[in-house]
Amino acid sequence: MHEYSIVQSLIELCEENAAVYKAVKIDKVIVKIGVLSGVEPDLLKIAFDAFKEKTICNDAELVINIQQLIIQCNECGLISKPQKIRYICKQCNSVNIKIVDGEEMYLMRLKME
Ligand SMILES: [Zn+2]
């Protein structure tokens, strides 16, 4: 399952951060999941709970924020949040756009002790 490998690298990232800041435990792991990332929040939570035991994240809570799609028009520069997943500028109807956000999953913040 896709989510398991994501959680593995997420926990590795947490351990690296904890080492840098000399934290003894992590209370909260806050991630942002883009709507286009293909990551299922429910599966991610299940995978996290299964993997966190005996890691720095043993007592950590996973907080998931869903990031809506944000696009920018390459013609007129307008940045917009399409209601549906559409790749078209609502101002000039150009399809020459780039995706600004909503594509990936990011670790946003850790609450450590
Ligand atoms: Zn435009």
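Below or above, wherever it landed, is the structure these notes cover. (Residues numbered from 1 in each chain as written. Predicted model: local features only at pLDDT ≥ 70, side-chain atom pairs only at ≥ 80, totals over all residues. Heavy atoms only, no water.)

## Section: the sheet that holds strand β5 (residues 97–101)
The strands that make up a sheet are held in pairs by hydrogen bonds between backbone atoms, and each pair lies either parallel or antiparallel. Here we have three strands laid out as an open sheet, ordered β4-β3-β5, and antiparallel in their pairing. Each edge of the open sheet is held by one strand with a lone partner, namely β4 (79–80) and β5. Inspection of the sheet shows strand β3 (residues 70–73) paired to β5 by four bridges, in the antiparallel sense. Residue Gln72 lies in a different strand from β5, and its bridge partner there is Lys98. (Pairing = 2+ DSSP bridges. Helix = DSSP H or I, 4+ residues; strand = E, 2+ residues; numbered from the N terminus.)

## So, unusual backbone geometry
Its identity as a non-glycine residue notwithstanding, Lys22 has a phi of 55 degrees, on the positive side. What makes Lys22 exposed here is its relative accessible area of 72%. With a phi angle near 60 degrees, Asn93 is a residue other than glycine that sits in the positive phi range. Inspection of the secondary structure assignment puts Asn93 in the loop between β4 and β5. A residue is classified by how much of its surface remains accessible, and Asn93, at 54% relative accessible area, is exposed. (Buried < 20%, exposed > 50% of the residue type's maximum accessible area, 1.4 Å probe, protein only.)

## Here's the deal with the side chain of Glu3
The residue Glu3 is located in helix α1 (residues 2–20) in this model. Not counting the four nearest positions on each side in its chain, Glu3 is found in contact with Gly38, Val39, Glu40, Leu43, Leu44 and Ala47. (Contact = heavy atoms within 4.5 Å.)

## Focus on the coordination of the zinc ion
Summarising the metal site, the zinc ion is bound by the protein donors Cys73 (SG), Cys76 (SG), Cys89 (SG) and Cys92 (SG), whose distances to it range over 2.3 Å. Here the zinc ion binds four donor atoms, and the angle range of 103 to 118 degrees at the metal identifies the geometry as tetrahedral. Of note, the zinc ion draws all its donor residues from one chain, in the sequence arrangement C-x2-C-x12-C-x2-C. Taken together, the residues span a long stretch of sequence, with Cys73 in strand β3 and Cys92 in the loop between β4 and β5 at a distance of 19 residues. (Donors = N, O, S within 2.8 Å, 3.2 Å for Na, K, Ca; no water. Tetrahedral: all angles 85-135°; square planar, octahedral: opposite > 155°, others 65-115°.)

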